[in-house]
Amino acid sequence: MSTANVAAIEAYRNNFLKEVEGNVEEGEWVKMCMQCGVCSGSCPLGSAWAHPPQELFMMIRAGKREEVLTSDSMWMCTSCYNCIVRCPRGLPITHIMHGLAHYAERLGLAPKNQPTRKFSLLFWDNLVKTGRVNETTLGIKLYFMNGFVEGVKTALKNASIGLGLVKAKRMNPMSLIAHKGCKGKADIHKIIAKAREIEQAKTQQK
Amino acid sequence: MAKKEYSFYPGCSSEKMGSASNYMTSVNAMCDELDIKLNEIPDWNCCGASIGYAGGGELPRLALNARNLALSEQHNPNQDVVATCAACWLSARETRERLQEDSQLMKETNLALAEAGLNYKAEQPVRHMVEVLIEDFGYEALGEKVKKPLEGLKIAGYVGCQTNRPFGIDGESFENPMYLDKLVETLGAEPLTSYEKKVQCCGGALAFSEPEKSQAMIKDIVESAYDQGADMIVTPCPVCQLNTEVYQDQINKTYGTKFNMPVVYYSALMTVAYGQDAKAAGLDGQVIKARKLEAIAGK
Amino acid sequence: MSEAIKIGAYICKGCGLGERLQGANLAMIAEREGKANIVREHEFLCNADGVAMIQNDIDNEGVNRIAICACSRRAKTEAFAFDNVAMSRGNLREGVIWVRPDSDEMRETTEEMAADYVRMAVSEVKYMKPPTANQTAEYNRHVLVVGGGISGMTAAIEAAKAGYQVDIVEKSAALGGTAANLYQRIPDRSPYQRPMDTGIDTLLSIIDAASNINVHLNATTTKIDGAPGHFAVDISTESGTTTPKLFGAVIQASGFFPYDANQLPELGYGKSADVVTQLELEALAKTANGGAIKRPSDGKDVQSVVFVQCAGQRSDKAGHLPYCSGHCCLTSIKQAMYFKAANPGVDANVIYTDLRTPGAGGEDFYRSGQEAGLTFTKGIVTAVIPGDQATVQFKDLILNQDTEEKADLVVLATGMIANSGINIDQAEEAKAAADAGTTVAVDFIGKRESVLNLTYRQGPDLPHLKYGFNDSHFICFPYETRRTGIYSTGPVRRPMDIQQAVEDATGAALKAIQAIENAGQGRAAHPRSGDLSFPSFQREGCTQCKRCTVECPFGAIDEDEERFPVFNESRCRRCGTCMGACPVRVISFENYSIDTVGQQLKAVDMPDEFDEKPRILVLACENDAYPALDMAGMNRVEYSAFVRIIPVRCLGSMNLVWITDALNSGYDGVVLMGCQKGENYQCHFVKGSEIAHTRMSKVDDTLESLSLEKARIATYEVAITDIHRAPKLINDMAKTIEEIGMSPFKF
């Protein structure tokens with residue numbers, strides 16, 4: 001168990017709802033859910049969630065900490081915002097889902113082989129490097145994120161897509177070697193570091 | 001028409017040789033026709049899109065977007081921030097509204113920005129290019145410039161998720177927004193009358209991580225247009241364009257369909273309708289060629 | 001005052017009547033066949049000129065009976081309003097030209113239809129007298145309120161504010177009822193954030209200060225006799241004194257009993273001191289007075305509390321209430337907030353199946369509860385196991401698993417049982433069963449005492465509808481009961497919270513005032529607003545069969561020592577059910593009698609069997625069926641030209657002699673249309689439609705003996721929205737007659 005996880009369990013002994021309120025983006029909204037189920041019904045990938053949003057909120061209230069944080073459910077969110085516009089209580093569900101995913105990741109509880117988790121981490125690391133996304137390296141890393149053998153298979157499968165994009169001048173193989181990105185790279189790193197610091201301090205107080 | 005100026009946020013995919021570089025090409029041609037000057041925000045950074053959350057978290061993401069907006073305030077003062085990418089627009093606008101509502105978050109964000117000597121005041125609105133077209137110009141004015149009406153084309157207006165929800169364009173309904181259809185009509189083509197998959201999610205970033213699930217949805221989107229006799233699909237979002245275009249071969253293999261449906265940007269349609277050639281409209285960037293559109297452009 | 005009858009018949013030619021019908025022909029029929037003294041045609045009868053023409057005949061020509069042959073009686077009522085004359089309306093517009101096609105081949109039958117309606121109008125008015133008010137009508141501006149809880153107090157205060165004298169009779173030693181035992185109440189004002197003070201003290205001081213409110217404590221009504229305008233009441237106290245007093249109207253606000261939670265042992269009640277009802281929690285909260293609420297068992301502060309909703313309610317189990325008591329979800333939220341106010345760290349969980357928070361502020365209060373940190377779990381509690389902490393076992397309906405939760409205190413949301421007195425229908429059923437030597441199951445509420453002690457022949461309390469709550473015609477007239485001038489209000493009428501009870505009581509006060517003012521003028525209050533007619537009977541012909549007495553939906557008829565019916569005019573709602581019930585036809589109203597309908601149907605010109613023109617009689621109740629037929633006309637829905645429609649006040653007023661007369665006169669079919677009956681009745685007089693259906697079910701034997709097909713008579717429940725169905729029912733009868741042939745009774 002990560003030290004962060006141990007600390008959280010200690011601090012919020014038996015009150016997962018309070019823990020979510022203090023640590024998850026927009027987590028204070030979770031208690032306002034009235035269990036109508038419109039979110040679950042509106043989600044385009046709804047059937048793929050082990051626990052759709054309505055159920056996740058209920059599980060949080062019921063203190064099912066481990067099941068929620070180790071679940072791959074919230075990683076199914078495509079950010080389509082259907083739930084947000086239809087929720088009669090106005091819960092910012094998309095953000096709560098992302099927040100839960102991020103929190104689970106921070107505690108080291110997110111399922112390691114969850115593909116969207118891997119991709120999301122790749123994406124962030126990629127953009128933070130230069131301040132802008134290097135689409136080509138992102139694509140290659142995506143192919144190989146499940147290991148070398150898988151990577152070769154995926155690359156072959158998607159070869160025609162890749163070639164098509166290169167032909168259409170919408171993918172730059174040269175980016176593998178050199179990618180400009182932002183001039184203010186260092187500034188961006190400082191900003192992000194500071195933001196991280198402030199956020200950590202906040203959650204330790206709650 | 002008097003020249004209109006905007007502070008411009010292109011986004012990562014619109015970069016030269018990026019996955020939506022063809023979008024940028026037609027946007028430039030379109031702005032040329034409409035006498036719009038786009039002042040690119042200097043040294044803009046990635047918005048984080050909707051997939052950066054695992055590594056990002058709340059405040060870092062807000063700070064990233066705030067940097068762009070602060071740079072805009074600094075270098076393009078008093079200009080509306082306009083984005084052509086749906087995710088960039090959504091992230092930037094959400095950031096602005098969140099910081100306006102929550103003064104504590106605003107304080108914290110500016111603390112982070114201070115590390116780079118920046119400060120964000122949240123004064124200028126953040127808009128999508130289609131909003132600018134509809135609100136600042138209007139369908140009538142847009143129609144006036146049409147030299148080659150797109151006659152004989154039946155075009156499915158695929159609005160998708162993020163230009164539609166949660167903000168919506170021009171006050172239209174979330175469940176059945178009509179703005180792409182109205183635009184298509186303005187340009188002289190025929191929109192679909194009941195395109196049920198008009199606001200169906202394409203999977204977004206999950207097209208990369210969960211291809212099967214995403215392609216099942218994409219199949220429905222293309223099939224619905226195909227069944228109603230559409231010649232092509234038009235879209236305002238780079239990831240929608242990519243997702244609905246490049247996986248059609250794989251979908252055909254999986255489902256036995258015979259899709260070969262071109263997916264173009266609204267700016268490409270406009271560029272052609274305004275009389276420019278296929279290259280200016282970025283049509284050579286199509287993986288599935290939009291032959292019928294090219295024909296009109298070549299006339 | 002017997003003066004000579006002088007009939008004026010007026011034929012209108014407006015609204016297309018002049019073009020479609022031959023006015024001259026109709027005028028001739030009115031004169032020669034109808035024997036009208038004066039007959040006039042007019043281009044536009046309802047305009048100032050037309051009305052003046054009629055008024056002139058009344059003032060200067062001595063006309064005292066007018067037959068207006070124009071539009072429906074439901075149209076132009078302000079224009080055609082004449083004092084001191086009897087008036088009939090021949091429905092030529094909605095009833096003839098608007099429901100028949102304007103074609104050459106149809107012209108003949110359309111003319112015949114109109115001609116018959118003229119005959120009917122003239123004949124009807126011949127037998128009508130302009131009604132005069134009952135001479136015994138009197139004003140008594142004194143309201144009796146039975147029950148001094150929040151409903152009773154509110155009704156009393158509102159009636160007193162409007163200038164009326166009020167007496168409150170309260171059984172216990174103090175006013176305030178259940179509300180006085182609450183620590184706080186559900187908020188009734190935006191932003192609905194926190195529970196608020198009950199406000200009982202304020203009400204008590206208002207009543208104290210009011211000079212026109214008299215309070216009787218430790219008292220009950222041991223006798224209520226009489227009728228609106230003159231209720232003779234005996235108010236008796238525990239100590240033995242009895243005060244007779246006269247009142248104009250009565251409001252029953254007798255409140256509710258809490259459900260006996262001892263019937264829920266599986267939920268731990270009675271087994272653990274820490275399992276309490278909501279009312280018991282109020283007592284604990286009052287003791288705590290803003291501080292931490294303590295456990296009854298050991299006095300420790302409650303750190304965790306679970307609320308079990310629908311305890312012994314909404315359930316089919318024996319001994320449970322089958323209904324929802326309406327307020328308990330909001331009450332639990334309120335009570336959970338008591339704990340949070342004293343200590344935000346208390347864990348408060350509400351376990352519910354459906355969270356019902358009625359009222360404009362209900363949803364807001366629910367949100368306030370969530371914001372304050374209450375949790376809500378959708379689940380079904382199966383058991384509460386007593387212990388140092390109680391264990392609440394339940395099935396979580398969202399997570400679909402059986403689970404349990406421990407709590408320092410468990411609160412059961414149990415239900416309300418109306419304090420509505422004796423179920424008079426059940427008393428009859430029980431007596432009939434006893435006479436037959438069998439037993440009948442007593443309803444789950446158990447044995448009761450009377451609340452009002454009415455001396456009405458039909459029984460000592462207000463009739464119940466369902467689950468022990470008063471019948472109040474909830475579809476059309478929810479403030480009414482089946483006893484004119486007696487209004488029930490508050491939880492005795494249906495489960496409700498304080499806010500609803502306050503509104504309800506205000507409404508009851510309004511109705512009581514309305515009843516008093518109308519009774520003073522001898523007018524019916526509702527539904528026949530302003531009706532001055534009332535039933536009278538010929539004693540000589542009466543066979544004392546009691547049918548009128550028993551069938552009156554409002555208990556308006558009592559019995560005298562000689563067993564003749566006694567009509568209490570101001571209790572009557574003028575429906576005429578008594579008239580329909582009487583087998584010897586001795587009951588009538590001045591302007592509505594056996595003759596006013598019977599002579600109409602006989603006035604119709606009956607073609608002989610070779611003309612191949614059948615005649616169908618429709619008796620349509622004026623509340624739903626007749627308006628539906630009028631609206632069919634407005635929408636130009638067509639129906640058979642062979643039908644002749646006569647409106648009746650209620651299908652209950654239909655006397656079987658009309659059916660006999662119709663068949664004897666050669667009518668080929670009879671269609672009866674009344675309102676919906678049964679549990680969800682719509683009948684505006686509650687029982688009329690049902691009674692008519694019962695009467696008609698006994699007619700089959702008679703038909704057989706006359707060798708007439710049963711299909712010739714049809715009885716239907718019609719709703720006011722049946723704009724297409726009602727004409728269809730008529731056309732169905734026309735088709736039936738085509739199939740089975742004309743009546744053999746034609747000559």
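Engineer: Would you mind going over the pattern of salt bridges in detail, with residue names and values included?
Structural biologist: Opposite charge on two side chains allows them to pair when their charged atoms are near. Counting across every chain of the model gives 78 salt bridges over all chains. Measuring nitrogen to oxygen at the nearest pair gives 2.8 Å for the salt bridge that ties Glu108 of chain B to Lys202 of chain A. Of this pair, Glu108 of chain B sits in helix α5 (residues 103–114) while Lys202 of chain A is found in helix α12 (residues 185–205), placing the two residues in two different chains. Close ionic contact of Asp43 of chain B with Arg67 of chain B constitutes a salt bridge, the shortest N to O distance being 3.0 Å. With Asp43 of chain B in the loop between β2 (36–40) and α2 (53–56) and Arg67 of chain B in helix α3 (residues 58–75), this residue pair connects regions lying 24 residues apart in the sequence. With a relative accessible area of 19%, Asp43 of chain B lands in the buried category. Owing to a relative accessible area of 5%, Arg67 of chain B belongs among the buried residues under this scheme. Among the charged side chains, a network of salt bridges with common partners joins Glu33, Glu108, Glu112, Asp116, Arg119, Lys613, Arg615 and Arg644 of chain C.

Engineer: Mind laying out the interface of chain A and chain C, listing which residues take part and the relevant values?
Structural biologist: Where interface size is given, it is often the accessible area lost as the parts come together that is meant. Counting residues at the interface gives 14 residues for chain A, matched by 16 residues for chain C. A buried area of about 1300 Å², summed over both sides, lies between chain A and chain C, and 57% of it is on carbon and sulfur atoms. Of all residues in chain A, Met58, Arg61 and Arg89 of chain A give up the largest surface area on contact with chain C, accounting jointly for 40% of the area buried on that side. At the junction of chain A with chain C, the criterion picks out 1 salt bridge. With a shortest N-O distance of 2.8 Å, Glu363 of chain C and Arg89 of chain A are connected by a salt bridge. Across the contact surface, chain A and chain C share 6 residue pairs in polar contact (both at pLDDT 80 or more). With 5 residues, the single largest contributor to the side of chain A that touches chain C is helix α4 (residues 53–61) of chain A. Each residue belonging to the side of chain A that touches chain C can be placed in one class, and the counts come to 7 nonpolar, 2 polar and 5 charged.

Engineer: Got a sec to walk through a nonpolar patch on the surface? Specific residues and values, please.
Structural biologist: Residues and elements named next belong to chain A. On the surface, a cluster of nonpolar side chains totalling about 930 Å² of accessible area is made up of Ile140, Phe144, Phe148, Val149, Val152, Leu156, Met174, Leu176 and Ile177. Top element by residues in the nonpolar patch is helix α10 (residues 148–157). It accounts for 4 residues. Its place among the elements puts Val152 in helix α10.

Engineer: Can you explain the nonpolar core? Please cite residues and give values.
Structural biologist: Considering soluble globular proteins, one finds that nonpolar side chains tend to be buried as a cluster. Judged by nonpolar contacts, the single largest core of 145 residues is most densely connected at Leu150, Tyr266, Leu269, Met270 and Leu293 of chain B. Among all residues touching Tyr266 of chain B, those that are not within four sequence positions of it are Tyr23, Met30, His128, Met129, Val130, Leu133, Leu180, Leu183, Val234, Thr235 and Pro236 of chain B. Residues Val85, Phe589, Ala625 and Val699 of chain C belong to the second largest nonpolar core, which totals 113 residues.

Engineer: I'd love a proper account of the interface of chain A and chain B, names of residues and values included.
Structural biologist: Residue-level contacts link 62 residues of chain A with 65 residues of chain B. Of the roughly 5600 Å² buried between chain A and chain B, counting both surfaces, carbon and sulfur atoms make up 63%. Viewed at the interface, chain B and chain A are joined by 6 salt bridges. Between Arg98 of chain B and Glu25 of chain A there is a salt bridge; the shortest N-O distance is 3.8 Å. There are 29 residue pairs in polar contact (both at pLDDT 80 or more) connecting chain A and chain B.

Engineer: So what's going on with the environment of Ile169 of chain B? Which residues, and what values?
Structural biologist: Residues and elements named next belong to chain B. With respect to the element layout, Ile169 can be found in the loop between β5 (154–157) and α8 (179–186). On the basis of relative accessible area, Ile169 is assigned to the buried category, the value being 2%. Once the C-alpha coordinates of Ile169 and Pro77 are considered, the two residues, 92 residues apart in sequence, prove to be 25 Å apart. Apart from residues lying up to four places away in sequence, Ile169 is in contact with Trp89, Val130, Glu131, Ile134, Thr163 and Tyr179.

Engineer: Which residues make up the packing of helix α8 (residues 115–130) of chain A against helix α9 (residues 135–143) of chain A, and what values go with them?
Structural biologist: Residue and element names in this part refer to chain A. Packing of α8 against α9 leaves a shortest axis separation of 10 Å and a crossing angle of 150 degrees. The orientation of α8 with respect to α9, classified from their angle, is roughly antiparallel. Considering the relative orientation of α8 and α9, their crossing is right-handed. Residue-level inspection shows Phe119, Leu122, Phe123 and Asn126 of α8 in contact with α9, the latter providing Thr137, Leu138, Lys141 and Leu142. Per-class residue counts for the contact of α8 with α9 are 5 nonpolar, 2 polar and 1 charged.

Engineer: Please provide a residue-by-residue account of the arrangement of the chains, values included.
Structural biologist: The highest contact count of any of the 2 pairs of chains in contact belongs to chains A and B. One finds no contact linking chain B with chain C; the least C-alpha distance across the pair is 18 Å.

Engineer: If you had to explain helix α9 (residues 328–342) of chain C to someone new, which residues and values would you point to?
Structural biologist: An ideal rise of 1.5 Å per residue puts 21 Å on 15 residues; α9 of chain C measures up with 22 Å between its terminal C-alpha atoms. When you tally the buried positions in α9 of chain C, you get 13 out of 15 residues, the bulk of the element.

Engineer: Just give me the short version of the state of the cysteines, but keep the residues and values in it.
Structural biologist: Taken as a whole and assessed by the stated rule, the structure comprises 0 disulfides over all chains. The structure places no disulfide on Cys83 of chain A, whose sulfur is separated from the nearest cysteine sulfur, that of Cys80 of chain A, by 6.2 Å. By relative accessible area, which is 13% here, Cys83 of chain A ends up buried. There is no disulfide at Cys324 of chain C, and the cysteine sulfur nearest it, in Cys328 of chain C, is 5.8 Å away. With a relative accessible area of 26%, Cys324 of chain C lands in the partly exposed category.

Engineer: I'd like to hear about the sheet that holds strand β4 (residues 86–91) of chain C, residue by residue, with values.
Structural biologist: Residues and elements named next belong to chain C. Sheet architecture is open: 4 strands sit in the order β2-β1-β3-β4, paired in parallel fashion. Unpaired on one side and paired on the other, β2 (38–42) and β4 mark the two borders of the sheet. Adjacent strand axes in the sheet meet at a mean angle of 15 degrees, parallel and antiparallel pairs treated alike. Relative to β2, strand β1 (residues 7–12) runs parallel, the two sharing 5 bridges. Within β2, the position partnered with Ala9 by the bridge is Val39. Helix α2 (residues 23–32) contacts β1 and β2 of the sheet and is inclined by roughly 165 degrees relative to β2. Each of β1, β3 (65–70) and β4 touches helix α5 (residues 107–126); the most contacted strand, β4, lies at about 165 degrees to it.

Engineer: Can you lay out helix α18 (residues 688–697) of chain C for me, pointing to particular residues and giving the numbers?
Structural biologist: Residue and element names in this part refer to chain C. Taking burial as the measure, the 10 residues of α18 include 7 buried ones, the bulk of the element. Along α18, the positions that sit buried rather than exposed are Gly688, Ser689, Ile691, Ala692, His693, Arg695 and Met696. On its buried face, α18 sits against α13 (547–551), α14 (577–581), α17 (656–664), β30 (669–674), α19 (700–705) and β31 (713–717).

Analysis parameters
- Residues numbered from 1 in each chain as written.
- Chains lettered and ligands numbered in written order.
- Predicted model: local features only at pLDDT ≥ 70, side-chain atom pairs only at ≥ 80, totals over all residues.
- Heavy atoms only, no water.
- Salt bridge = Lys/Arg side-chain N within 4 Å of Asp/Glu carboxyl O.
- Helix = DSSP H or I, 4+ residues; strand = E, 2+ residues; numbered from the N terminus.
- Buried < 20%, exposed > 50% of the residue type's maximum accessible area, 1.4 Å probe, protein only.
- Contact = heavy atoms within 4.5 Å.
- Buried area = accessible area lost by both parts, 1.4 Å probe.
- Polar contact = N/O pair within 3.5 Å; in protein donor to acceptor, adjacent residues only side chain to side chain.
- Nonpolar A, V, L, I, M, F, W, Y, C, P; charged D, E, K, R; others polar.
- Patch = residues over 30% accessible without salt bridge, like charges linked within 9 Å, V, L, I, M, F, W, Y side chains within 5 Å.
- Areas by Shrake-Rupley, 256 points an atom, 1.4 Å probe, with all protein chains shown as cover.
- Core = buried A, V, L, I, M, F, W, Y, C linked by side-chain atoms within 4.5 Å.
- Axes fitted to C-alpha atoms, helices over the stretch in contact; angles between N-to-C directions.
- Parallel < 35°, antiparallel > 145°, perpendicular 65-115°, else oblique.
- Left-handed = near helix turned anticlockwise from the far one by under 90°.
- Expected span 1.5 Å × (residues − 1).
- Disulfide = S-S within 2.5 Å.
- Pairing = 2+ DSSP bridges.

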